[in-house]
Amino acid sequence: MLSLTLKSALSQLREGKTSAKELCEKCIERAAKLRELNALVTETFQIARSQAEHAAAGYSVGSGEPGPLAGIPVAVKDNFCTKGVRTSCASHMLQNYAPPYNATMVQKMADGGAVLIGKTNLDEYGMGSASVESIYGATRNPWKYRFSHRNNVEFENQVEQSNNGPDNENNDLYTSHPAMRGYKGSLSERMGDKNYTDWHVAGGSSGGSAVAVASGICFGALGSDTGGSTRNPASYCGIVGLKSTYGLLSRHGLIPLVNSMDVPGIFSRSVDDAAILLNCLAGHDVFDSTTVPDEYNPIHLPDDISVKGLHIGIPKEYHAPGTSADVIDAWRKMADMFDNAGAKVSQVSLPHTQYSILCYSVLCCCEVASNMARYDGIEFGLRTNDMASTEQLYADSRHKGFNDVVRGRIFAGNYFLLRKNYERYFLKAQRVRRLISDDFRTVFNNGVDLLLTPTTLSDAPRHDWYVQEDNRTRSVQQDVYTQPINLAGVPAVTVPICLSCNGLPIGLQLIGQHFGEKQMLLAAKWMEQQCCFPSLNLDFLDQIP
Amino acid sequence: MAAPLNKMRTEIVCRLCGKISRSFVHRPLLRCQPKRHLRKHNNQSREKWKGVVGLEIHAQIATSSKLFSGSATHFGAPTNTQVSFFDAALPGTLPVLNRGCVEASVLTALALGCDINRVSKFDRKHYFYADLPAGYQITQQRQPIARLGKVQYVVYDPAVNKYPVQTVANLTQLQLEQDSGKSLHDTDEGQSLIDLNRAGVGLMEIVTEPEFTSGEDAASFIKELQLILQVLGTCDGKMAEGSLRVDANISVHKQGEPLGVRTEVKNLNSIRSVAKAIEFEIERQICELERGRSIANETRSFDPEAGETVPMRDKEKILDYRFMPEPNLPPLHLYDDKSMPEGVKPSDVISIDAIQKRLPELPNQMRERLQGQHGLTLLQAALIVSEEGLVRLFDDVICDSKRNPQTVANFLSNEYLSLLNKRDVSVIESPVRSAVIGEVCDMLENSDISLKIAKRVIEEVFDDPSQSAADVVRENDWRQITDEEELEKLCQQIISDHPQRPSPGNKIKSGQPDQVWITPCPDNKTKFAQEQVWTTRQSSHKKTKSRQKDYVRRQHVEGRSHVFRTTHSSGACRACYLDIYFTLFPLTAQTVSCGHLWKEFQGSCYFYDYGTNTPEAANELCKETHDAHLVKITSEEENTFVGKLVSKTTLPISWIAAKRSESGEWKWIDNGENVTFKAWALKKKSVFNCAGIIYSDLTGASWVSLNCDLYYCGFVCER
């Protein structure tokens, strides 16, 4: 049952074939079994159970129309504020922080009847591309993962015990989460296989959400996408990842990485599911002045889709060095499929793409430096004991609260923003950003409807290989196909296409025009129909006690 | 008993922010900066130098909610009760621009003659401070909402020019920005306490060109700006509450030479402080330069007590604010009727033309109208306009009548305003209706009553607004006697009834109410009264004396009109006219003058002073400076009176003279007598040994027990 799509789960609920409570319990059970993947950093099973109960009531006779997501278990990336539930951004800085309000996206999901299973793992503040830079340890890709079952029961018990007292004040900062101890080297010990290192990264930064959806912990999830943080893990985990147009989804309550590029991301197992979630989430939010005030027209995707006459552009600059043969092959085949189906496929040029990563590095660091200024330990978050002076308190709290990657970006950002450097870096980067954005505009103005590109260079890399290079290097490699889209603010979706020769998923990315989600999702659904991608099915786990 | 002086002189550095607490700098220390060297400079050297002053004004926008959040903006609300998630910079919150603030700033910019930018943008200005929760302030550095403006204002400095002068100030820009929170430094505990109620309140920062030449010049501009803001209703202009704050950039140079190094004097919170701080700073800089020293580019603060500027202790390091565009706010677009995009709802956009139509008559236009339409002088017009609400009153009194505008203007700006000042109410709050003032002016015009009686009539009506002026005059039989024979008779009668005639120069002791002294002029032919007897209790207060002289002088002037009038509380003699000239001095309790800035209540005089850290020190200061003592409250009425007095001040708590003795009894500190009346705020037994009074609208005046040397409180002297 947990490998159903959201859409079919909804119809089963409507038809009474299953109940919201049953679905919820199954997901909780799955989540508990898959703790070793480290997808959830905070489990909200109690909340889920009460929400499921509420949703179940919605389906009972005579209680009106149930919400659009009534009874659907979902997960939310741990950088969306959840009222009363810890929202840590996988950082020591916010490890003690439970927001007093819900992010608009979280609220809309809850209003739609969704059931919150938990908060998902990410790279600290979303700064990373593999979900390895988390204080809770890395998230593991469920594809080709060797599940350990021998000590499963014991492991679960331990986790339950720790979960009983997350607020225990005596907990050392570094050991208050069970997975954190794993990070320090004991997790695999507990799992009984010290030598198990050849698992694959989940992608990032929204790796936890991608894994949760791919492995059946939930039917849809929220991530965020600043440079590819939704599409990259969706591609690695073989699911659909949607980054909508900037301004369509509210960022209110999404703890920002780069305000001018952040977009809430949607994870689902099918394009239809993504559309259902988008319909529930999209629209103007008075709390976010950057959302567009126009009324949102819900997207309904027919099953019978024709791509005849559609103009698909293949950007010639999107052949980055290091792209695997599998990916190129999948890309070429998909272009041929479009061509065969009567679409017009032509090569286009986005000449400024090559500067995108550099431009992003500057703009990202600047906004990070600014956004992180509020974490001073005064109003909320980590406050250390160094009270020699206010400055000392700030310095110490911020030193202990942030990891090297975050501190490095703050440092660089402050450098770029210095009065003497502003013109040379920030302004220049903004001009380059305009050029990159204009590239897309030009292509679309010349009659191209959608762009087809790879999502990632390859299938999901192995963790031990990934961590051989630093965050900065990896980000540059990982974000190459996804990140120009954020600079331009256009929508993009990654769809799982096929398996690589390693047996890992490969996704392709469709890039649409501003607020052209409907056209983009239609083509994405068509691609999905052509590929019959073999989704991950972990239902065998249900047989194991 | 007194707190050890050495402690007060120790400068204690706050462990949190490195600031030196002012509370530990004893005021005499600040004063010790010698003023003498300034006086040495004669006017000649002063004339060679030219002061150059530019102002930065922060005006809090009088909207009910903050610039980017829905929190309320009431002044004086309980700590941290007006703080939304955004104001506390909780992660994930976003700014939402308050339309009211934009409209208010556009209205203000239009009134100040600015060019409105059709597109303006917001920037982040970064610096770390505990009362700035986001680590940056949202402001408009690069593209403000308005640029370039012109404001006409009137400078009236009798020391420089006999007549008021009209002049123009040029503005550089007007920008929208957020206010910060407030930090309170508790030096003993080594803590800083943060109040975020003010954080995020909308500010209009108004920057002028550096064109002012003197303190009086700048102060006159601020006064004009305050009036404009009040007329517009976009800022209440209350400098004491921090709604309007002024920073001044000051430099001096010699004619024809490049501008000098400037200093910045921050947070001037009254119009007088603006004038005095700038004057002091110009003098100081001239003095330094004359002595061959250089001026440091520094930030200074103004001590209004000492009348001096002092370098800020936390020397502002040169900060790089790392400005960056605010990514969460789209550019702010403003439209006029021509550029208005089609098909938009008026509620979705802001039209400059629509706001232009809301512009009321501005102070400058009021002055022009008063001069042109009613023939007032610029000074008269300026006086009428300078008080909020007085123009409307003037218009109401003049309206549809043949009243003499001069009489009305003079009566309003002299007698009426001085009465209101005495009662400490504003024109708007006054219960006296315009009809009554009209009546009084008519009676004045017809010589039915004297100016002095006119003032008393208004006083009576003030106390009981249901009466008409005619009622009051009739009931009290205050109509002026103009028949010379009748007057002569009356005066002769008085002289014979009062055989005591003190010789010139005699002093009359106070405390004899209803006593009337009549002194004929030595020279019967003289039509000018000579100063014969003038008395009141000896006062150490200089201001009081000068007041008295003014009063005598005014009597001389009245003498010229052959009528010298005074009243006696019993109403026996109302007017005397004769070749024989009389002065009458009724000495009643009411005439005991407390002096400038002092408030009178039930026969005692009260004066609020700013801050010490022990009640003993406060008592000493009362004794030294005012020949008074720290207030001793003995009745509910007095308690309320003192409470209201301290409620209008910046420090929330004021010392009173009560102190707990070792036996646990509360006694007055100067004579050790038991405290009989008490008004504790809390029922439970107090833990501390000193006491202060605090006032709130909700609970009235109440006492709190305080740690004897922990707090920096205001105090009230009584004599």
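Source: prediction; values computed, not measured. (Residues numbered from 1 in each chain as written. Chains lettered and ligands numbered in written order. Predicted model: local features only at pLDDT ≥ 70, side-chain atom pairs only at ≥ 80, totals over all residues. Heavy atoms only, no water.)

Asker: Please explain the state of the cysteines as it appears in this structure.
Answerer: Every disulfide links exactly two cysteines, by a covalent bond between their sulfur atoms. If you walk through the whole model with that rule in mind, you get two disulfides over all chains. Cys622(B) shares a disulfide with Cys717(B); S-S distance 2.0 Å. Between Cys622(B) and Cys717(B) the disulfide shows an S-S torsion of about -85 degrees. By sign, it is left-handed. Here the residue Cys622(B) occupies a position in helix H18 (residues 615-626), and Cys717(B) occupies one in strand E28 (residues 713-718), the gap between them amounting to 95 residues. By the burial criterion, Cys622(B) is buried, and Cys717(B) matches it. Linked covalently through their sulfurs, Cys690(B) and Cys708(B) form a disulfide whose S-S length is 2.2 Å. Handedness here is read from the sign of the S-S torsion; for Cys690(B) and Cys708(B), about 100 degrees, the answer is right-handed. One end of the pair, Cys690(B), is in strand E26 (residues 690-696); the other, Cys708(B), is in the loop between strand E27 (700-706) and E28, and 18 residues separate them in sequence. Accessibility assignment for this pair places Cys690(B) and Cys708(B) in one class, buried. Cys218(A) provides the cysteine sulfur closest to Cys237(A), a residue in no disulfide bond, and the two sulfurs are 11 Å apart. As a non-bridged cysteine, Cys359(A) has Cys366(A) as the owner of its nearest cysteine sulfur, 10 Å distant. (Disulfide = S-S within 2.5 Å. Helix = DSSP H or I, 4+ residues; strand = E, 2+ residues; numbered from the N terminus. Buried < 20%, exposed > 50% of the residue type's maximum accessible area, 1.4 Å probe, protein only.)

Asker: What am I meant to see in the domain arrangement of chain A here?
Answerer: A common measure of how large an interface is: the accessible area buried when the components associate. All names here are of chain A. Domain boundaries assigned for chain A yield domain 1 (6-297 + 537-543) and domain 2 (311-531). The straight-line distance from the C-alpha centre of domain 1 to that of domain 2 is 21 Å. Each partner contributes residues to the interface: domain 1 has 60 residues there, and domain 2 has 66 residues. For the domain 1 and domain 2 pair, buried surface summed over both sides reaches about 5100 Å², with 60% attributable to carbon and sulfur atoms. Contact with domain 2 buries area across many residues of domain 1, yet Met93, Met127 and Tyr236 alone supply 14% of it, more than any other trio. Here domain 1 is connected to domain 2 by one salt bridge. We note a salt bridge from Asp272 to Lys525, for which the minimum N-O separation is 2.9 Å. Across the contact surface, domain 1 and domain 2 share 37 residue pairs in polar contact (both at pLDDT 80 or more). Elements represented by at least two residues in the side of domain 1 that touches domain 2 include exactly helix H8 (231-237), strand E5 (240-243) and helix H9 (271-281). (Domains from an automatic or database assignment. Contact = heavy atoms within 4.5 Å. Buried area = accessible area lost by both parts, 1.4 Å probe. Salt bridge = Lys/Arg side-chain N within 4 Å of Asp/Glu carboxyl O. Polar contact = N/O pair within 3.5 Å; in protein donor to acceptor, adjacent residues only side chain to side chain.)

Asker: I keep staring at the layout of surface pockets and nothing clicks. Help me out?
Answerer: The gaps left among the atoms become clear once a water-sized probe is rolled over them. If you add up the space inside the second largest pocket, you get close to 1200 Å³. In terms of lining, the second largest pocket is formed by 36 residues, of which the most central are Ser260(A), Gln430(A), Arg433(A), Arg434(A) and Pro331(B). Contributing elements (two or more residues each) for the lining of the second largest pocket: helix H11 (356-371), helix H14 (419-445) and helix H17 (483-488) of chain A together with strand E15 (324-325) of chain B. With ten residues, the top contributor of residues to the lining of the second largest pocket is H14(A). Of the residues belonging to the lining of the second largest pocket, the class tally is 16 nonpolar, ten polar and ten charged. (1 Å grid on protein atoms, 1.4 Å probe; cavity = no way out; pocket = protein on both sides within 12 Å on 5 of 7 lines; lining within 4 Å. Points joined across faces, edges and corners; volume = space filled by probe spheres on them. Nonpolar A, V, L, I, M, F, W, Y, C, P; charged D, E, K, R; others polar.)

Asker: What's the story with the sheet that holds strand E1 (residues 49-60) of chain B in this structure? I'm lost.
Answerer: In a beta sheet, neighbouring strands are held together by backbone hydrogen bonds and run either parallel or antiparallel to one another. Residue and element names in this part refer to chain B. The mixed open sheet is built from nine strands, whose spatial order is E2-E6-E7-E10-E1-E11-E12-E13-E14. Edge positions in the sheet fall to strand E2 (115-116) and strand E14 (308-311), since each of these pairs with one other strand and no more. The strands touched by helix H5 (residues 99-111) are E2, strand E6 (146-155), strand E7 (165-178) and strand E10 (202-208); relative to E7, the strand with the most contacts, the crossing angle is about 160 degrees. Docked against the sheet, helix H7 (residues 271-290) engages E1, strand E11 (244-254), strand E12 (263-268), strand E13 (299-303) and E14, running at close to 25 degrees with respect to E11. (Pairing = 2+ DSSP bridges. Axes fitted to C-alpha atoms, helices over the stretch in contact; angles between N-to-C directions.)

Asker: What am I meant to see in unusual backbone geometry here?
Answerer: Keep in mind that most residues, glycine aside, have a negative phi and that most peptide bonds are trans. In this structure, Ser205(A) follows Gly204(A) across a cis peptide bond, with omega equal to 15 degrees. Within the secondary structure, Ser205(A) sits in the loop between helix H6 (178-190) and helix H7 (207-214). At Ser131(A), a position not held by glycine, the phi torsion is positive, near 55 degrees. With respect to the element layout, Ser131(A) can be found in the loop between strand E3 (115-120) and helix H5 (152-164). In this structure, Asn80(B) takes a positive phi of about 55 degrees despite not being glycine.

Asker: Help me out: how do you make sense of the packing of helix H14 (residues 451-463) of chain B against helix H15 (residues 469-476) of chain B in this one?
Answerer: Any two packed helices are characterised by the angle at which their axes cross and by the distance between the axes. All names here are of chain B. Packing of H14 against H15 brings their axes to within 9 Å, and their N-to-C directions diverge by 110 degrees. Classified by the angle their axes make, H14 and H15 are roughly perpendicular. Between H14 and H15 lies a crossing of right-handed hand. Along its contact with H14, which presents Val457, Glu460 and Val461, the element H15 presents Ala469, Val472 and Val473. Across the contact of H14 with H15, the residue classes tally to five nonpolar, no polar and one charged. (Parallel < 35°, antiparallel > 145°, perpendicular 65-115°, else oblique. Left-handed = near helix turned anticlockwise from the far one by under 90°.)

Asker: I'm lost on the side chain of Thr42(A) in this one. Help?
Answerer: All names here are of chain A. Considering the arrangement of structural elements, one finds Thr42 in strand E1 (residues 40-43). Since its relative accessible area comes to 13%, Thr42 is described here as buried. Looking at Thr42, its side chain comes within polar contact range of the side chain of Arg86, at 3.2 Å. Apart from residues no more than four positions distant in its own chain, Thr42 is found in contact with Val85, Arg86, Gly118 and Lys119.

Asker: Explain the environment of Met239(B) to me, please; I cannot follow it from the model alone.
Answerer: Residue and element names in this part refer to chain B. By secondary structure assignment, the location of Met239 is in the loop between helix H6 (215-232) and E11. Its relative accessible area of 5% is what places Met239 among the buried residues. In this structure the C-alpha to C-alpha distance between Met239 and Ile669, which are 430 residues apart in sequence, comes to 35 Å. The residues touching Met239, leaving out its near neighbours within four places in the chain, are Ile222, Gln226, Leu244, Val246, Leu268, Asn269, Ser270, Ile271 and Val274.

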